[in-house]
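# Structure assessment
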Amino acid sequence: SGAFEHSRNETLLTQKLQDLATVHLQHELEQDTRTKVLETSGREHAAQQERNFQELKLEHLEHIRLLECRGEIRIVEEAEQVEQASEENARLRLLLARHRAVGGITADAVQSKLEDHILRLRPHCRWGRG
C-alpha cells in the first residue's frame, strides 16, 4: 500500500508538472503573439509618421517655392518702377535743360516740380519706403 501511494503521488506530481508545462507554454505563445502585434503596430506607426513627415516636407517646399515666386515678381515689378522713374527723371532733366536754355523757368518752380515727382515715386521705390 505504501508503494501504491508513492506511485499514485508520483503520477499526480507528474500530471501537475505536465499541466504547469502546458500552462507555461500557453503563456509563452500568448506573449509571443502580443509581442508580434506590438512590433507590427510599432512598424505601422513608424511608417505613418514617416509618411506624415514626407507630406509636411513637400508642403513646406511648395510654400517656399511660392514665396520665392512672389519675391521674384516683386523684384520684376520694382525694376519696372525704377525704369519708369529713370525715364521720367531723364524727361524732367531734358525739360529743365530746355527751359534753362530759353530762361523761362525759375529755380523754385523746378525744385517744386522735382519734389512733387519724388513724392509721387517714393511709395514705389525701395529706398523711399524706409
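Residues numbered from 1 in each chain as written. Predicted model: local features only at pLDDT ≥ 70, side-chain atom pairs only at ≥ 80, totals over all residues. Heavy atoms only, no water.

### Details of the overall build of the protein chain
Across its full length, the protein chain holds three helices and zero strands. Along the protein chain, helices (α) and strands (β) appear in the sequence α-α-α when read from the amino end. In terms of overall dimensions, the protein chain is more spread out than a globule: its C-alpha atoms have a radius of gyration of 45 Å, far above the 14 Å expected for 130 residues. In terms of its C-alpha atoms, the protein chain occupies a principal-axis envelope of roughly 150 × 20 × 10 Å. Distance from the positive charge centre (19 side chains) to the negative charge centre (23 side chains) of the protein chain: 10 Å. (Helix = DSSP H or I, 4+ residues; strand = E, 2+ residues; numbered from the N terminus. Rg over C-alpha atoms; globule rule 2.2 N^0.38 Å. Lys, Arg positive; Asp, Glu negative; His and termini not counted. Charge placed at Lys NZ, Arg CZ, Asp CG, Glu CD.)

### Let's talk about the confidence of the model for the protein chain
The predicted model of the protein chain averages 86 in pLDDT, with 91% of residues at 70 or higher. In the model of the protein chain, helix α3 (residues 126–129) stands out as the element of lowest mean pLDDT, 54, in contrast to helix α1 (residues 2–102), which has the highest, 91. (pLDDT = per-residue confidence, 0-100.)

### Observations regarding the environment of leucine 56
Residue placement: leucine 56 occurs in helix α1. Leucine 56 gets classed as exposed once you look at its relative accessible area, which sits at 55%. With 23 residues separating them along the chain, leucine 56 and threonine 33 place their C-alpha atoms 34 Å apart. (Buried < 20%, exposed > 50% of the residue type's maximum accessible area, 1.4 Å probe, protein only.)

### Thoughts on the pattern of salt bridges
Enumeration over the complete set of coordinates arrives at three salt bridges. Here glutamate 30 ties to arginine 34 by a salt bridge, and the two come within 3.7 Å at their closest N and O atoms. Residue glutamate 30 and its partner arginine 34 are both found in helix α1; the two are separated by four residues, about one turn of the helix. Accessibility expressed as a relative area gives 39% for glutamate 30, which makes it partly exposed. According to the relative accessible area criterion, arginine 34 is partly exposed, its value standing at 46%. Put simply, glutamate 88 and arginine 91 hold a salt bridge, and the shortest N to O gap is 2.6 Å. (Salt bridge = Lys/Arg side-chain N within 4 Å of Asp/Glu carboxyl O.)

### Section: helix α2 (residues 107–121)
With 15 residues, α2 should cover 21 Å at 1.5 Å per step; its first-to-last C-alpha distance of 21 Å lies within 8% of that length. Here α2 has its buried residues at Val110, His117 and Leu121. End-on, the buried residues of α2 take up no more than an arc of 30°, which puts them together on one face. Of the residues in α2, the exposed ones pointing more than 90 degrees away from the buried face are Asp108 and Leu119. (Expected span 1.5 Å × (residues − 1). Arc of directions from axis to C-beta.)

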